Amino acid sequence: MRVLALNCGSSSVKSALIDAASGRRVHEMQVEKIDSEADLKSAVVRVLSDYQRLALAPEAVAHRVVHGGEKFVAPTRLDDAVLNEIDRLSVLAPLHNPPAVTAIRQALQSLPDVPHVAVFDTAFHATLPEHAREYALPNDVRQRLGIRRFGFHGINHSHVAASVADYLQISPRIICCHLGNGASVTAIEQGRSVDTSMGMTPLEGLVMGTRAGDVDPGVLLQLFRSGEFGVEALDELLNKRSGLKGLTGVNDMREIEKRASAGDENCQRAITLYAYRVRKYIGAYAAAMGGVDVVAFTGGVGENSSLIRARCVERLDFLGITLDESRNRAARPSADDPIVPLGSKSSRVHVLAVRADEELAIAREAAMTLDR
């Protein structure tokens, strides 16, 4: 089945027409620097028109959706009722679900005669056990307001888990570090997510490009009590002005590494803080699973920054995690070589760089859903 994978964010549209059986990309197109809803609609139209112009008609369309809430725990065929529910969940992922809804509506209008399937980032984490899923808040509050941990980046964490299991021919305990502008760590046991660093929203966990990650809730109360920050101002502070950007003024790790090497103390501090938070989660998840067989780095930073990978596994030799420095410096996973080993010969744990491929993952998920 030829599936058009649409991966739409607030500022970009990524697309690929994929033969789901072989994984071959028939054609791909990307539009970046989208500034408004109107621009997003026009970008989707432009992408779909490009495929039609090249006579590359898809048999189905797969859409990445970040938040599926408690209801959507598997890929789901889209109709008006499903789309309205996804839109309702925008309150939990305000940067992500709204552009997905806009893109889906436009795609349904442009390609009404083929099935459309939503594939959810939260679905992989539906297996979280209760002790990893729940917050220690009163039962009535949690249940009445639907407060719980959902986790994100599940499409790629699932893809990495399957790829690594196939590569090693075992079902390992994996700590998957998805490091990009958004970042999360997931503990994967027997192919299932058993804990993850993001929570009810993508704000919890690691230091990210513009998100703060873990913050003492008392800090938020203090900011609110100061009178300088209402709800909207806090939302903007935590989602758009914090993380690496808050620490350094920029959120591009390549620029931060360049400035750090030139002596910028803020950038040096940011790298240390970023890597330390990842390292803490690796240690925590090794404890949660009673050990670890694989540490996998994926995402834009995880795949391309040898410095960050090295800093993230510093002092973890007690867990049997050691890098081969020359392997790590040279490692850049690619379409032809999607999994690259980084560990030293003495490392008891496999350390791997794994290429993210969300388009392939959502295309295959959609094809399997429609074949059932």
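The coordinates are above.
Quick caveat, the model's predicted, so the values are computed rather than measured.

Draft legend 1. Main features of the environment of F229. Counting through the fold element by element, F229 comes out in the loop between helix 7 (217-225) and helix 8 (231-240). Not counting chain neighbours up to four residues away, the residues in contact with F229 comprise L223, F224, L234, L237 and R241.

Draft legend 2. Highlighting the packing of helix 1 (residues 37-53) against helix 3 (residues 97-110). Look at helix 1 against helix 3: their axes get within 9 Å of each other, and the N-to-C directions meet at 40 degrees. Relative to helix 3, the element helix 1 lies oblique. Crossing of helix 1 over helix 3 shows right-handed handedness. Contacts between helix 1 and helix 3 involve E37, L40, K41, V44, V45, L48 and Q52 on the former and, on the latter, P99, T102, A103, Q106, A107 and S110. For the contact of helix 1 with helix 3, the per-class residue count stands at 7 nonpolar, 4 polar and 2 charged.

Draft legend 3. Spotlight on helix 10 (residues 253-261). Those residues of helix 10 lying buried are M253, I256 and A260. Projected down its long axis, helix 10 shows its buried positions confined to an angular sector of 55 degrees, all on one face. Opposite the buried face of helix 10, by more than 90 degrees, sit the exposed residues R254, K258 and S261. Buried-residue contacts for helix 10 involve helix 9 (243-248), helix 11 (265-289), helix 12 (299-304) and helix 13 (306-312). Following helix 10 by one or two positions, G263 adopts a phi angle in the positive range, close to 105 degrees.

Draft legend 4. Summary view of the side chain of R64. Looking at the secondary structure, you find R64 in strand 4 (residues 60-65). In terms of polar contacts, R64 uses its side chain to reach the side chain of N7, at 3.3 Å. Setting aside chain neighbours within four positions, we find R64 in contact with L6, N7, A100, V119, D121, I155, E358 and I362.

Criteria and cut-off values
- Every chain is numbered independently, its residues counted from 1 as its sequence is written.
- Reporting in this predicted model follows two pLDDT cut-offs: at least 70 for local features of residues, and 80 or more for side-chain atom pairs to be given and counted; totals over whole chains, interfaces and linings ignore these cut-offs and use all residues.
- The side-chain values count all of the structure's non-hydrogen atoms but skip hydrogen atoms and water molecules.
- Runs of H or I in DSSP of at least four residues are treated as helices and runs of E of at least two as strands, each being numbered from the N terminus.
- When checking whether two residues touch, look at their non-hydrogen atoms; a contact exists if any pair is within 4.5 Å.
- With axes taken as lines fitted to C-alpha atoms, and helix axes fitted only over the stretch in contact, angles between N-to-C directions fall between 0 and 180 degrees.
- Oblique is the label for every angle not falling under 35 degrees (roughly parallel), over 145 degrees (roughly antiparallel), or within 65 to 115 degrees (roughly perpendicular).
- Should the near helix be turned counterclockwise from the far one by less than a right angle, the crossing is left-handed, whereas a clockwise turn marks it as right-handed.
- Think of it as three bins: nonpolar holds Ala, Val, Leu, Ile, Met, Phe, Trp, Tyr, Cys and Pro, charged holds Asp, Glu, Lys and Arg, and polar takes everything else, Gly as well.
- A simple rule labels every residue: compare its accessible area, found with a 1.4 Å probe on the protein chains alone, to the largest value its type can have, and call it buried under 20%, exposed over 50%, or partly exposed in between.
- Here the arc refers to the directions that run from the helix axis out to each C-beta atom.
- Polar contacts, as counted here, are pairs of nitrogen or oxygen atoms within 3.5 Å of one another; within protein the pair requires one atom able to donate a hydrogen and one able to accept it, and residues that are adjacent in sequence qualify only if both atoms are side-chain atoms.

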